[in-house]
Amino acid sequence: MGELRRTPLHARHVALGAKFVPFAGFELPVQYSGILEEHRAVHERMGLFDVSHMGEILVSGPESVDFLEKLATQYVARLEVGRAAYGFFLNEQGGILDDVLLYRLNDEEFLVVANAANTEKVYRWLKEHALGGPQILDISDRIGLIALQGPRAASFLSQLAEPSVDDLRPFRFCENVTVAGVPVLLVSRTGYTGEDGFELFVDAEAVAELWDALLERGREYGLVPCGLGARDTLRFEAGLPLYGQELAETITPLEANLERFVRWEKPVDFVGKAALLRQKEQGVSRLLVGLRMEDRGIPRTGYAVFAGGVLVGRVTSGSIAPTLGGAYAMAYVDTAYSREGTELDVDLRGRRARAVVVHLPFYRRSG
């Protein structure tokens, strides 16, 4: 493994006493005051995350809509300017190359936000398919990205943003906003925590100034910096998939129970559609499910799942759910054992522990 990269906020994290872990080729803060404390802060007040490791790719030109329509599972032509849509880029077998957010900036320009570990792969893939058509530009190194998440985020940000973001609805965004005196390229009402919140795209050279301003002004609102640890427990409780665990090139959206993000109705065939249609007709052999542990023990990634003495699946993510209490897991299991209420066993390093299939997400915010 090569030298780990750092975001433009690395020095700020060091000054705040963060603990670091390697993730997707970056050295990133995993926690500051503690994962549980940060987790609760996002549910009850607000948390601030550095997500500058994410990838940003611009697709521009008069061919952009037709180009992306043939590659993405989203209905690109119906995506209005100022809106974002979650979906997938697939391989020919229907496996997920990456789960991405598409932002429509104008009639001929889109921003693709990719997972950090997949940015280079997605960029190359887009370039290979462009064939002299739209312009594909990786601007990841020029962008700093901050996520402000929690029930107080909207009221707090509304006091700092000009023009106002009060009317910004989920998966909408606005450009060229000034926040706490700092020019922000794009403010989007999106996030990866299961709570209300915003993501702020800013010039990499200005992101530290914005980070400092938000933390300073948010102190009286209970705003705290949060690391990857809380980000993972929050997304886990909300049943949000993580690429490399719930999603991969060998997993299709149908198996991941994410068919709702595949727009079958659009008139253009996208890469992987034929394979998905075959799978839909034949039926999937495995499904992503939620598990609630009935016995003591924490299921971890890769742990085997059994029905009686038969191996029927494996855990993809497992943790204590801080908001709910108790241990939970997401796992791929044979379809025959995916029904809610099905009793299964998880092998916890040689000890079988009882679990039951439950509905995802484990936690859903009120309102």
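Below or above, wherever it landed, is the structure these notes cover.

Reading the values: the criteria
Residues numbered from 1 in each chain as written. Predicted model: local features only at pLDDT ≥ 70, side-chain atom pairs only at ≥ 80, totals over all residues. Heavy atoms only, no water. Phe/Tyr/Trp six-rings, centres within 6.5 Å; stacked < 30°, edge-to-face > 60°. Buried < 20%, exposed > 50% of the residue type's maximum accessible area, 1.4 Å probe, protein only. Lys NZ or Arg CZ within 6 Å of the ring centre and 35° of its normal. Pairing = 2+ DSSP bridges. Helix = DSSP H or I, 4+ residues; strand = E, 2+ residues; numbered from the N terminus. Axes fitted to C-alpha atoms, helices over the stretch in contact; angles between N-to-C directions. Contact = heavy atoms within 4.5 Å.

A complete count under the given rule lists 8 aromatic pairs for this structure. When the ring of Tyr86 is compared with that of Phe88, the centres are 5.5 Å apart and the planes differ by 75°; the resulting orientation is edge-to-face. For Tyr86, a relative accessible area of 21% translates into the label partly exposed. Taken together, the aromatic side chains of Tyr86, Phe88 and Phe261 make up a single cluster linked through ring pairs. Over the aromatic face of Phe306 sits the side chain of Arg352, whose NZ or CZ is 3.6 Å from the ring centroid.

Time to look at the sheet that holds strand β16 (residues 304-307). As summarised here, the arrangement of the 6 strands in space is β15-β18-β17-β16-β19-β20, forming a closed barrel in which the pairing is antiparallel. Along the sheet, successive strands turn relative to each other by an average axial angle of 40°, direction set aside. As paired elements, strand β19 (residues 343-348) and strand β20 (residues 351-358) share 6 bridges and run antiparallel to each other. Bridge pairing in β20 places Asp345 opposite Arg354. Against the sheet, helix α7 (residues 228-237) engages β17 (310-320) and β18 (327-334), with an angle of about 125° to β17.

Right, let's talk about the pairing of strand β11 (residues 173-179) for a bit. Bridge count between strand β10 (residues 161-162) and β11: 2 bridges; the pairing is antiparallel. When the bridges of β11 are listed, Glu162 appears paired with Thr178. Pairing of β11 with strand β12 (residues 182-188) involves 6 bridges; the strand directions are antiparallel. By the bridge assignment for β12, Glu175 is matched with Leu186. Adjacent in sequence and paired antiparallel, β11 and β12 are bridged by 2 residues, among which Ala180 carries a positive phi angle near 50°.

Turning our attention to the sheet that holds β11. With mixed pairing, 7 strands are arranged side by side in an open sheet as β10-β11-β12-β13-β9-β3-β14. Of all strands in the sheet, those bounded by a partner on one side alone are β10 and β14 (223-226). Relative to β14, strand β3 (residues 46-50) runs parallel, the two being bridged by 4 bridges. When the bridges of β14 are listed, Phe49 appears paired with Cys226.

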